[in-house]
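# Structural characterization, general
What follows is the residue order along each chain.
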Amino acid sequence: MIVHCAAYQDGHRIGVSEDPNDALTAARAAGRGAFVWIGLFEPTVEELDRVGREFALHPLAVEDAVSAHQRPKVEAYQGSLFVALKTLGYHPGAHAVTSGEVMVFLGPDFVMTVRHGEDTPLSGLRARLEQQPELLRYGPSSVLHSVCDAVVDDYVEVATALQADLDELEADVFAAGRVGRDVAGRIYGCKRQVMAVRRAAAPLMEPMLRLERGAPFVQPETAPYLRDVADHLARVNDQVEGMDRLLTDILNANLAQVSVQQNNDMRKISAWAALAAVPTMIAGIYGMNFDHMPELHQRWGYPAVLALMAVVCVVLHRVFKRHDWL
């Protein structure tokens, strides 16, 4: 569906229309520097085909915008530029990263944004940009920059939230008595969220550099703004890469802790088994009903055997305790 459609000139709105074709006609009639900005949210195939025909969009770009699930990219077609970006959102309660998509069609006198998913950072973007006429006067390029800037700003917020979760997870892993499967599950869960950010941010670097160096219908005046967005994106990618490495290290540390704990448990089991083996062995010997055992016919025989068992068990217990086996 078409969310909003308006025409602009020299950084100011000059008209609003429900029909994109009428808005484009008005913008072209207004003269140089005028353009129309159309916003669509999860349009149907018929809606996007109709708008595509009115703005002479390439069928392949229209197909990508309808199907969504595109890798971040920039594609230049005759008469328009197509930019696909993945959007991210973070839900603190579930500690989960969700994603959406934004497609931007850029032409000499129009810009069209197509949103998929609820986690799109374009709410209020038009109003904020209309408060910056010095930027909006650059035409469709200013809208493209603002969309990219909003998307990357959300990347920064999501990465910051994941960093806080990672710090908490790291503290739990190295806390005493926190060795267990639940910790390993949390590590894998956090790693999945980091990978979701990585899949969105890393492929966007090359398209951002391409836009910064210059692309069709992108005004040279917006290059410094796009360069700033690319710098923020590079920092996000570095942060995400660092978090991924740290998660791998935390997982290895947790596995090492589990292994050490298992070794300690096996040592304790072995020590108690040794303590039980000595009296079992002695009792086994005396349980074989041999007749030629002189101590069997002495009054001190039975107490002496019990005392021997006790002394050996005490000595073994002290030895194991000294070597931290018990």
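Described below are features of the structure shown in this document. (Residues numbered from 1 in each chain as written. Predicted model: local features only at pLDDT ≥ 70, side-chain atom pairs only at ≥ 80, totals over all residues. Heavy atoms only, no water.)

## Brief notes about helix H2 (residues 45–54)
- Among the residues making up H2, those that are buried are Leu48, Val51 and Gly52. Burial along H2 is one-sided: seen end-on, the buried residues are contained in an arc of 105°. Seen from the open side of H2, the exposed residues pointing more than 90 degrees away from its buried face are Glu46 and Arg53.
- On its buried face, H2 is in contact with helix H1 (20–30), strand S3 (34–41), helix H3 (59–67) and strand S7 (110–116).
- In the stretch just after H2, Ala56 is the one whose phi turns positive, near 55°. (Buried < 20%, exposed > 50% of the residue type's maximum accessible area, 1.4 Å probe, protein only. Helix = DSSP H or I, 4+ residues; strand = E, 2+ residues; numbered from the N terminus. Arc of directions from axis to C-beta. Contact = heavy atoms within 4.5 Å.)

## Some remarks on the nonpolar core
- Among the nonpolar cores identified, the biggest contains 59 residues, and Val147, Tyr155, Met208 and Leu211 are the most heavily contacted of them.
- Ranked by residue count, the leading element in this core is helix H6 (residues 140–173), at 14 residues.
- Those residues within four positions of Leu211 in sequence are excluded, and the remaining contacts are Val74, Leu81, Leu144, Val218 and Leu226.
- Among the nonpolar cores identified, the runner-up in size contains 25 residues, and Leu40, Val62, Phe82 and Met103 belong to it. (Core = buried A, V, L, I, M, F, W, Y, C linked by side-chain atoms within 4.5 Å.)

## Side note on the environment of Asp19
- The topology assignment puts Asp19 in the loop between strand S2 (12–16) and H1.
- For Asp19 and His4, which are 15 residues apart along the polypeptide, the C-alpha to C-alpha distance reads 9.7 Å.
- Setting aside residues no more than four positions away along its own chain, Asp19 makes contact with Cys5 and Glu54.

## Remarks on a negative patch on the surface
- A contiguous patch of negative charge, built from Asp153, Glu157, Asp228 and Asp231, is present on the exposed surface.
- Every element with two or more residues in the negative patch is listed here: H6 and helix H9 (223–286).
- Here Glu157 lies in helix H6.
- The class for Glu157 is exposed, based on a relative accessible area of 56%. (Patch = residues over 30% accessible without salt bridge, like charges linked within 9 Å, V, L, I, M, F, W, Y side chains within 5 Å. Areas by Shrake-Rupley, 256 points an atom, 1.4 Å probe, with all protein chains shown as cover. Salt bridge = Lys/Arg side-chain N within 4 Å of Asp/Glu carboxyl O. Lys, Arg positive; Asp, Glu negative; His and termini not counted. Charge placed at Lys NZ, Arg CZ, Asp CG, Glu CD.)

## Overview of the sheet that holds S7
- Strand order in the open sheet formed by seven strands is S2-S1-S3-S7-S6-S5-S4, and the pairing between neighbours is mixed. What marks the edges here is a single partner per strand, and that holds for S2 and strand S4 (73–77). On average, each strand axis in the sheet is inclined to that of its neighbour by 25°, with strand direction left out of account.
- Strand direction decides the pairing type here: strand S1 (residues 2–9) and S2, joined by four bridges, are antiparallel. Within S2, the position partnered with Gln9 by the bridge is His12.
- Docked against the sheet, H3 engages S4, strand S5 (80–91), strand S6 (96–106) and S7, running at close to 155° with respect to S6. (Pairing = 2+ DSSP bridges. Axes fitted to C-alpha atoms, helices over the stretch in contact; angles between N-to-C directions.)

## Here's the deal with the layout of surface pockets
- Empty space within the largest pocket amounts to approximately 230 Å³.
- Every residue along the wall of the largest pocket is listed here: Asp10, Gly33, Ala34, Phe35, Pro108, Asp109, Arg137, Tyr138, Gly139, Pro140, Gln219 and Glu221.
- Grouping the constituent residues of the lining of the largest pocket by class yields five nonpolar, three polar and four charged. (1 Å grid on protein atoms, 1.4 Å probe; cavity = no way out; pocket = protein on both sides within 12 Å on 5 of 7 lines; lining within 4 Å. Points joined across faces, edges and corners; volume = space filled by probe spheres on them. Nonpolar A, V, L, I, M, F, W, Y, C, P; charged D, E, K, R; others polar.)

Fair warning: the whole summary comes from geometry, so function is off the table for now.
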